[in-house]
Amino acid sequence: MEKLNIDTIKQMVKDGKIRWTNHVIVRLFQRNISQEDIENAILNGEIIEEYENDYPYPSCLVYGINLKNEVLHVVCGLNEIELWIITAYYPDNIKWEDDLKTRKEIK
């Protein structure tokens, strides 16, 4: 598989080639995040971290904006046929710098 590319990920969303795992559905419910929020965040998002050795597929962390104009992080994996949504959450200033794109150093 080639390096993860945000344009490829966005096209998977546009084409409806998304796999929603049971885990992510539970997490979205717990965190009050809709599937539409996820799609919107990816479509206007950017990759801020890559996890090329993730199993079973390479994955990445996407920084995007939800439907309420709030920052949302989405972890997704990609194979040749679909985009797997792994989890999503609202980032905080405990683990992230003020830009919510840069992970804080662990001291």
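Here the structure is shown first, and the text comes after it.
Residues numbered from 1 in each chain as written. Predicted model: local features only at pLDDT ≥ 70, side-chain atom pairs only at ≥ 80, totals over all residues. Heavy atoms only, no water.

Novice: Which residues make up the pairing of strand β3 (residues 59-65), and what are the values?
Specialist: Most of β3 sits out of view: six of its seven residues are buried. The pairing of strand β2 (residues 46-51) with β3 spans five bridges and is antiparallel. For Tyr 51, the partnering residue across the bridge sits in β3 and is Ser 59. Note: β3 against strand β4 (residues 71-78), seven bridges, orientation antiparallel. Within β4, the position partnered with Val 62 by the bridge is Val 74. Connecting β3 to the next strand, β4, in antiparallel fashion are five residues, including Asn 69 with a positive phi near 65°. (Buried < 20%, exposed > 50% of the residue type's maximum accessible area, 1.4 Å probe, protein only. Helix = DSSP H or I, 4+ residues; strand = E, 2+ residues; numbered from the N terminus. Pairing = 2+ DSSP bridges.)

Novice: For the packing of helix α1 (residues 6-14) against helix α3 (residues 35-43), give the residues involved together with the corresponding values.
Specialist: Running from N to C, α1 and α3 point in directions that differ by 145°, and their axes come no closer than 9 Å. You can see that α1 and α3 cross each other, and the crossing is left-handed. Across from Ile 6, Ile 9, Lys 10, Val 13 and Lys 14 in α1, the residues of α3 making contact are Glu 39, Ile 42 and Leu 43. Residue classes in the contact of α1 with α3 are distributed as five nonpolar, no polar and three charged. (Axes fitted to C-alpha atoms, helices over the stretch in contact; angles between N-to-C directions. Left-handed = near helix turned anticlockwise from the far one by under 90°. Contact = heavy atoms within 4.5 Å. Nonpolar A, V, L, I, M, F, W, Y, C, P; charged D, E, K, R; others polar.)

Novice: Any chance you could break down unusual backbone geometry for me, citing the residues and the numbers?
Specialist: The residue after Tyr 55, namely Pro 56, is reached through a cis peptide bond having omega 5°. For Pro 56, the position within the fold is in the loop between β2 and β3. Although it is not a glycine, Asn 69 sits at a positive phi angle of roughly 65°. By relative accessible area, which is 64% here, Asn 69 ends up exposed. Here Leu 100, not a glycine, exhibits a phi torsion of approximately 60°, which is positive. Relative to the elements of secondary structure, Leu 100 occurs in the segment after β5 (83-89). Leu 100 gets classed as buried once you look at its relative accessible area, which sits at 15%.

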